[in-house]
Every structure is written in structure tokens, then in C-alpha cells.
Amino acid sequence: MSIPSLTLLLVVVLGIIIVITPTHHVYGATFSWRSVPIGGGGYVTGLALHHTTKNVLYARCDVGGSYHFNFTGRYWIPITDSFSNKDPYYTESIAIDEGDTSGNTVYIATGNSGKNSFSDVYMSTNAGQSWVPTGLANKVSFFGNADLRWQGERLLVDPFNSSLLYYGSRNEGLWRGITTQPRSGKIDWVQVSGFPFGTVSAGVQFVVCGDVASLRSPPRRPSCALLFIGVIGSGVYRVNASNPSDLSWKLEEGSPSTPARASLSPDGSLYVTAAAEGVKKRDAMTGTWTSITPDTKLEYNAITVDPFNAKHIIVGSYAGAFNNPYFVSETAGASWTLYDRSHGTTIDLDVSWWSVNRFLSAVSTILFDPLVPNQAYNTDWFGMYFGSNMEASSTGSPHVWQTHESGHEELVNLALCAPPHVPLISGHADLSAFLHKDIENWPLKTIENIPTQNTLSFDYMAKDSHYMALTMTTSHTPTKDGDGGGLFSVDGGVSWTGFKTQQGYGGRVAVAADTQTIIWIPMGKTGYYSTNNGSTWTTCSGLSSSIISPTSIWLPSQPLSADRIMGSSFYVLDGDVLKGSNNTGKSFEPLVTLPKKVTPSWKITVQVNPLKAGDVWISLDEGGLFHWTSSSPTSLQHISDVTTSNAIAFGKASPSSPSIPTLFLQGSVNSYNGIFYSLDLAQSWVQFQDGTGVLWAKGSVLAADFNVWGRVYVGTSGRGVMVGEPSSSSSS
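Conventions adopted
Residues numbered from 1 in each chain as written. Predicted model: local features only at pLDDT ≥ 70, side-chain atom pairs only at ≥ 80, totals over all residues. Heavy atoms only, no water. Pairing = 2+ DSSP bridges. Helix = DSSP H or I, 4+ residues; strand = E, 2+ residues; numbered from the N terminus. Axes fitted to C-alpha atoms, helices over the stretch in contact; angles between N-to-C directions. Contact = heavy atoms within 4.5 Å. Disulfide = S-S within 2.5 Å. Salt bridge = Lys/Arg side-chain N within 4 Å of Asp/Glu carboxyl O. Buried < 20%, exposed > 50% of the residue type's maximum accessible area, 1.4 Å probe, protein only. pLDDT = per-residue confidence, 0-100. Core = buried A, V, L, I, M, F, W, Y, C linked by side-chain atoms within 4.5 Å. 1 Å grid on protein atoms, 1.4 Å probe; cavity = no way out; pocket = protein on both sides within 12 Å on 5 of 7 lines; lining within 4 Å. Points joined across faces, edges and corners; volume = space filled by probe spheres on them. Nonpolar A, V, L, I, M, F, W, Y, C, P; charged D, E, K, R; others polar. Phe/Tyr/Trp six-rings, centres within 6.5 Å; stacked < 30°, edge-to-face > 60°. Lys NZ or Arg CZ within 6 Å of the ring centre and 35° of its normal.

## Notes on the sheet that holds strand S23 (residues 261-264)
Strand pairing in a sheet takes place through backbone hydrogen bonds and is either antiparallel or parallel in direction. Taking strand neighbours across the sheet as the criterion, the 4 strands line up as S23-S24-S25-S26 in an open arrangement whose pairing is antiparallel. Each edge of the open sheet is held by one strand with a lone partner, namely S23 and strand S26 (289-291). With direction set aside, neighbouring strand axes in the sheet form an average angle of 20°. With 4 bridges joining them, S23 and strand S24 (residues 270-273) adopt antiparallel strand pairing. Pairing of Ser263 across the sheet is with Tyr271, part of S24.

Following this line, the structure appears as C-alpha cells:
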């Protein structure tokens, strides 16, 4: 594909704008994409199992979309990567259409920014290969990554009638969906008038069919005649749904006011967890509610009743911490036995860096398999566990929990670095950083000696890339010194040592090309330089008092860069002004003022050509792409066919242009969205990603390989790190 265009190059020379008209072209190229294996690492907030067809399992995640498990190959398949907007990756709820015995019809409720045209209940009839919206967009507020996302399920497809759906919202009450064309996606959603809304931003937590026959091999009937609906701030409602168009309901006296999850027993009893209110049971015969809380000092969320044994119950305690215990009863809640990593369990982890010390961290879901006796599943902060031998409480042998994390990649990437000595180093929210000695296998461990929650920035010495520095925070919302800091490494990132003196937290770091000089701009502060591995720091003169946001770790801007040739040179985008230092950071001088005012929400990247001194590139998000050189210090080139520049990175020069590094760009060229590369420093562009799908919706960080031409890494906000390389049919 060729997209010729006449473009303009704006050059600011001594305050005068000169218009130049080179010709830029964009050609198509074929790249293959895959995940860099890391292994889970994100919150799995819910599961859905088919009750009449074996081996049908789906999962929802708070930031990483949804997945379908392949039982034959034992791997997870991401099923929402086709969405080109970020909202469908925040999954609020998930449900299977029991009427489709193939197990291929699944619904997801998605979104994280309230009401908009992309947040909706979506339907797939091919196990997530494609999706259609069902019509709740702009009617309901969806918040898949908000508080209480571990509860549910809010979404129900009537197990007896595929034409009937229910959705319990956070702020708009209960909705009923009816279609005359099952599995068409054409659903008429109607808000159930008068149904309680509950507490703002919490609302309806679960919708459960109360017909016992719905649990397994349901007989055909018009629809589920009885619903139990949990509403935060009110309690559990018993809903007469024999006429779906005219629902009636009554608050269950004695039910908990903060219902979280529910499970229906084969004998018709309803079991409900309710956070600090504990665990309650509604007797099927009398309708009375009884507290059966295992330990009143704990809070509870996950719950499941064995479909083969009405007295066999598992309930998970909930806390935002590692190693939450779960409790098992074989007496319908009359007595309980505690299980955790040290009591009654065998834990088999397939990801080397996972730890049994993190087992059941903020556990969200525990479910018995409805068709396979003594098999169960659970989900937590890091991924999913498959449980077997679940009858063991009566035999004395342990429950066996195994992970099968292949295909599940859910980390939020904040920083990438591809130094010459190793393919990749990746920094993430919540889980520190990883040294990837290869990109085909899971890392054996997280990087040692980093006491961090979030890694925000890396850099290395060009002369010897084994000398490195990084910055980090210990909180998502750092506010004070001590909430993070910086570290250095002398062995290529295998081990790290904290700066002896910490000037702040987070921010960005750069290392001189040929000396162990580090410049650090902490969040909310000015710049500092150190020549002794951070033992002491000196203020860089000439920089503003605050360059990087003091509170937000989520904007992956990189306004600081070291020259890769001249060891004394560094560059900083300070507001609207590019500033430079030629004395290893002691002082910075204004070089040129951008013609566009920088907006704080923009993702800013400053990169220096690694093969040419004083050749600086500024990626300005919606402001476009700019180029400054020390050989023409009063000029600033605007690469005008780049209408948006979300991120840029330099990689290995191509065989056809060995003296020019490959420039990668994520953004828009001539209004075509995607990821591009240039072999001639932005004179022409090759498009190799079309601006759709997960790479466009969730891609936020870019790095390129200096050892393999064409290899580029994209860090995403919830789908880990992806790598692209030219296919065998693609030529440089």
C-alpha cells in the first residue's frame, strides 16, 4: 500500500518560520506480533463456567481484557485483543450462554470511564474471536477497574432462555435485556423501573438464578422464575421473574446489607458473602438467614457450593494482601476447616518467579467445576489456579492447586529498556521489573534488590551498558520522600543497589555515555546529578523546580535523555523549552522553544540518535514530532506528516542504511494510525501496524532492539509487553 502525500516541514530559524516541502510516503509492511512471556501478574476478577458442557472456562480481568482457556493445550487465549479502544479491556462482568452447548457464546460487560459509546455489554458467538455490542452503551456506567471489581457476577444470561439477560449496574439499577433473535447481539435493554439502585458506585453486585435445576442439566422451561439479586446498601432481593416483563421483588429480611458474591446449593439454599458482615446462608425450606461466618475477624468474598454435595462449601476470606486463607465446610456451614499455603494445600507453580507466599492474594473467585467432581478454580491478584483433590478435607490429603499461566499476560508496563547486552529489561506497576535474558520464556525471577512496587525509568551507559540506573516508587500515589527512589547496577541489571542518598521518588533517569554520571529528575522536583553512584547529589542549574508530575506514575513520559556519543551532553524538555547540558549536567541552557504549548496530559519522549551526537528527537503526543540538531542549534524541524507521536524509539540500523538507526514511531502519519518505522530519519515511513486492536488501544511504551534489526517492543497498560518483528516475507 502506498500513500503519497505532500507534506510541510516547519523550521523555526531565529524566530522565523520557514516552510519546506519534502515528500513523504508510507508503505505497507508485514510484522508478526507475540507476547513477551512474563506470566500473568494481573488481577483476574471473575470466572465463568458452562454448566452442561465440560471444559468451557472464561476469565475476566480488571485491566487486561478477557480470556478463554484451552484445556487441551493448557493455555489461555486472550479474546478481547481485537478492540481498538481501551474501555473494552476493563471487564466488569462475564457470563456464558448455557443454551449454546458448544460453549462459544459469551457476554462481557466492559468499561472504566462511566457512560460512553465504547463501554457496553458485548456478545461473541465464536469464543471471543469477534464481538458485537448489545446496546447498553451510554445508558449504564461501567467501571471494570474500580473498587469492588472482585465481586459479582452482575451479568446473567437466563440459563433456560438465551433470549433473556439481566445486568445489575453500579449506578443505574437493574436492566433486563430481551431479544427476538438469540445470539444476534440485537438486544432491547430496559431499565427495571423502581428496582433499588443501592449505594452510589457499588449498586447491584450479583444476579443469580434461584432455580436449583439451573445448576446442572436444566430441563427446558420458559425462563428462570426466581432470581436473587444482591444490592450494596440494601441487601438481597428475592425477585419473582416468572413474567420477565413484569418483575416483582421483596427484600429478604435478615440478608446482609453488603452482599458481595453468592452461590446456590443443589438443595436450593443460597450462600452469600458480605465482606465484614461475614457469610450468611438462606435456608431453602424456611427462607431464614443464618450467619455461618468461619472467623468473624476476617472479611469474605469468594464462595462456591459443590454441585455434587450440598454440604460441601468453600469460602475465601478477602483482604488486599498476600496469602488469604480459605475455609472448607462439609456440614453446610456448621463447622469449618482453615486452608492456606501452609495448611492443607499443595501448590504447584509453573511460573518460576511466582511465590507460594502470594497464594490467594486478594482472592476474587473460587468455583467448583459443575461437571467434574472434586475440581475447582480460584483467581487472585496474579492469575488463576486449578484445584484438584478437593474432597481431601474428609480424606486428610491436601488440596492440590496448580497454575497454567501460558498465554495470560496482564502486567501494566511503565518502562522498557533494550540495552545491547540483553534483549530487554521491563518495568511495571505493582511487580517491579524483569531482566529478560531471552524473550521466548518466562523470566526466572523478578530483578533482585529492588524494594519497589512500580519501576518508572531505566537508562544505561552507552560505552558499557552493564552500568545502569532506574527510578521507582513504592506507591501508586507517592506524596513524600521515602515513597520510592533510585538504584544503580554494575552487572547489567542482574542486581541493584539503592542510591545512598535519595533526592525524591520516581521520575526519570539518564546515564552519561562514557562515565558513571547519573542525572535524576524525581517526580515534582528539579534535576540532580551524581558522579558517585548516588552517594551525593548536586542540583542541576537552569532547570525548573518541577518538571515531572509529583503524583501520577501512569503517564509514561520521558523528557530526559543522554547523548549516546558525547558523554558530557544531556537534554531535557522543560515545559515548552528544550534545554541542553554540555558539562555532564552541572548546568542546562535553553536550546529552542517549541512552537506548540505542551499539555500536561501529553506523553512526551526525548530521544537522541544513538549514532550521531547532538541529534535530538522530541515526541510530543498530539503536538507531533520535532527534530533538533546541535549543528543547526537555532532551528527546530517539525515533521509535519506525523500528526500524532505517542512514542518513539531508536533501534538497530538496517542492512540497507547501516549508518542510520531505525526510528520507530507509534502515532499517526498522514492521519493513518499505527506503528511505523523510518530508515531515513523521518523522510519516509513504513507502516507495519494498522492502528487497531490491543497494540493501539493499550500500547503506551516503545523500545527497539539494537541487536536484531526490526525488532520492536510495545509496553501495554494491562496486556504486558509485546514484540514485533518483520515476517519472512517482509524486506527492509
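Now, onward.
## Focus on the environment of Tyr318
When you line up the elements, Tyr318 lands in the loop between strand S28 (313-317) and strand S29 (326-329). In sequence terms Tyr318 and Gly144 are 174 residues apart; their C-alpha atoms lie 18 Å from each other. If near-sequence neighbours (up to four positions away) are discounted, Tyr318 is found in contact with Tyr43, Trp150, Glu299, Tyr300, Asn301, Asn324, Ala362 and Val363.

## Here's the deal with the state of the cysteines
Two cysteines whose sulfur atoms are joined by a covalent bond form what is called a disulfide. In total, this model carries 1 disulfide according to the counting rule given. One disulfide in the model links Cys209 with Cys224; its S-S distance is 2.1 Å. Because the sign of the S-S torsion sets the handedness, a value of about 105° for the bond joining Cys209 and Cys224 places this disulfide among the right-handed ones. One end of the pair, Cys209, is in strand S19 (residues 204-209); the other, Cys224, is in the loop between S19 and strand S20 (226-231), and 15 residues separate them in sequence.

## Considerations on the pattern of salt bridges
Once the charged atoms of two side chains with opposite charge are near each other, the side chains can pair. All chains considered together, the criterion is met by 18 salt bridges. Salt-bridge contacts for Glu172 lead to Lys115; the nearest nitrogen and oxygen are separated by 3.9 Å. Here Glu172, found in the loop between strand S16 (164-168) and strand S17 (174-178), pairs with Lys115, found in the loop between strand S12 (106-110) and strand S13 (120-124); they are 57 residues apart in sequence, far enough to count as distant. Given a relative accessible area of 9%, Glu172 falls into the buried group. Ionic pairing is found between Asp459 and Arg564, a salt bridge with its closest N-O pair at 2.8 Å. With Asp459 in strand S39 (residues 454-460) and Arg564 in the loop between strand S47 (560-562) and strand S48 (570-574), this residue pair connects regions lying 105 residues apart in the sequence. For the pair formed by Asp459 and Arg564, the shared burial category is buried. Each of Arg34, Glu440, Asp705, Arg711 and Glu725 takes part in salt bridges that share partners, so that together they form one network.

## Side note on the confidence of the model for the protein chain
Regions with low pLDDT carry predicted coordinates that are not meant to be interpreted in detail. Residues at a pLDDT of 70 or more form 94% of the protein chain, whose mean pLDDT is 93. Contacts for the low-pLDDT stretch residues 1-23, under 50 throughout, to residues beyond four places or in other chains number 58 contacts.

## Looking at the nonpolar core
Ranked by size, the top nonpolar core spans 33 residues in total, and within it Tyr326, Trp353 and Tyr713 carry the most contacts. Where this core is concerned, the elements lending two or more residues are S29, strand S32 (365-368), strand S59 (699-704) and strand S61 (721-726). Tyr58, Tyr122, Ile675 and Tyr677 belong to the second-largest nonpolar core, a separate cluster that totals 31 residues.

## What to know about the layout of surface pockets
In this structure, the largest pocket spans a volume of roughly 1,300 Å³. What lines the largest pocket is a set of 43 residues, among which Val63, Tyr90, Val412, Trp554 and Ser717 lie closest to the centre. For the lining of the largest pocket, the secondary-structure elements that each account for two or more residues are strand S36 (413-417), helix H2 (693-698) and S59. The element that contributes the greatest number of residues to the lining of the largest pocket is H2, accounting for 3 residues. When its residues are assigned to classes, the lining of the largest pocket shows 17 nonpolar, 17 polar and 9 charged. When its volume is computed, the second largest pocket comes out at roughly 500 Å³. Contributing to the lining of the second largest pocket are 21 residues, with Ile547, Ile548, Ser549, Leu555 and Pro600 lying nearest its centre. Along the lines of polarity and charge, the residues of the lining of the second largest pocket split into 12 nonpolar, 7 polar and 2 charged.

## What about the environment of Gly40?
Along the chain, Gly40 falls in the loop between strand S6 (31-35) and strand S7 (44-49). Owing to a relative accessible area of 0%, Gly40 belongs among the buried residues under this scheme. When the C-alpha positions of Gly40 and Ile303 are compared, they lie 23 Å apart, and in sequence the two are 263 residues distant.

## Some details on the sheet that holds strand S15 (residues 155-157)
Reading across from one edge, S15-S16-S17-S18 is the order of the 4 strands in this open sheet, with antiparallel pairing throughout. Each end of this open sheet is capped by a strand with a single partner; those strands are S15 and strand S18 (188-191). The sheet shows a mean angle of 20° between the axes of neighbouring strands, direction not considered. Sheet topology places S17 next to S18; 4 bridges connect them, and they run antiparallel. Opposite Trp175, over in S18, you have Gln191 as the bridge partner.

## Re empty space enclosed by the protein
Here the structure, examined in full by the defined rule, presents 3 cavities of 30 Å³ or more. Of the pockets and cavities examined, the largest cavity occupies roughly 780 Å³. Along its surface, the largest cavity is lined by 35 residues, and Leu49, His51, Val208, Ala262 and Leu367 are the ones closest to its centre. Of all the elements in the fold, those that place two or more residues in the lining of the largest cavity are S7, strand S11 (91-96), S15, S19, S23, strand S27 (300-305) and S32. Tallied by class, the residues present in the lining of the largest cavity amount to 26 nonpolar, 6 polar and 3 charged. Estimates place the volume of the second largest cavity at around 550 Å³.

## Comments concerning the side chain of Gln151
With respect to the helices and strands, Gln151 occurs in the loop between strand S14 (132-133) and S15. Once residues within four sequence positions are removed from consideration, Gln151 is found in contact with Arg60, Gln205, Ile232, Pro259, Ala260, Arg261 and Asn301.

## Some thoughts on the pairing of strand S8 (residues 57-61)
Of all 5 residues in S8, 5 are buried, a share of seventy percent or more. A two-sided burial pattern is seen for S8, the buried positions comprising Leu57, Ala59 and Cys61 on one face and Tyr58 and Arg60 on the other. As paired elements, S7 and S8 share 5 bridges and run antiparallel to each other. Its bridge partner being in S8, Leu49 is matched across the sheet by Leu57. With 3 bridges connecting them, S8 and strand S9 (residues 66-70) associate as antiparallel partners. The partner of Arg60 across the bridge, within S9, is Ser66. Where S8 folds back onto S9 in an antiparallel hairpin, the turn is made up of 4 residues, including Gly65, whose phi is positive at roughly 80°.

## What to know about the packing of aromatic side chains
Two numbers describe a pair of aromatic rings. These are the distance of the centres and the angle of the planes. Inspection of every chain in the model, using the stated rule, returns 35 aromatic pairs. Aromatic side chains Phe322 and Trp381 sit 6.1 Å apart centroid to centroid with 85° between the ring planes, which places their arrangement in the edge-to-face category. Here Trp381 lies in the loop between strand S33 (376-379) and strand S34 (384-388) and Phe322 lies in the loop between S28 and S29, a separation of 59 residues in the sequence. Three or more aromatic residues link up through ring pairs in this structure, and these residues are Phe322, Tyr326, Tyr339, Trp353, Trp354, Phe359, Trp381, Phe382, Tyr385, Trp401 and Phe434. Lying over the aromatic face of Tyr90, Lys698 brings its terminal NZ or CZ to 4.5 Å of the ring centre.

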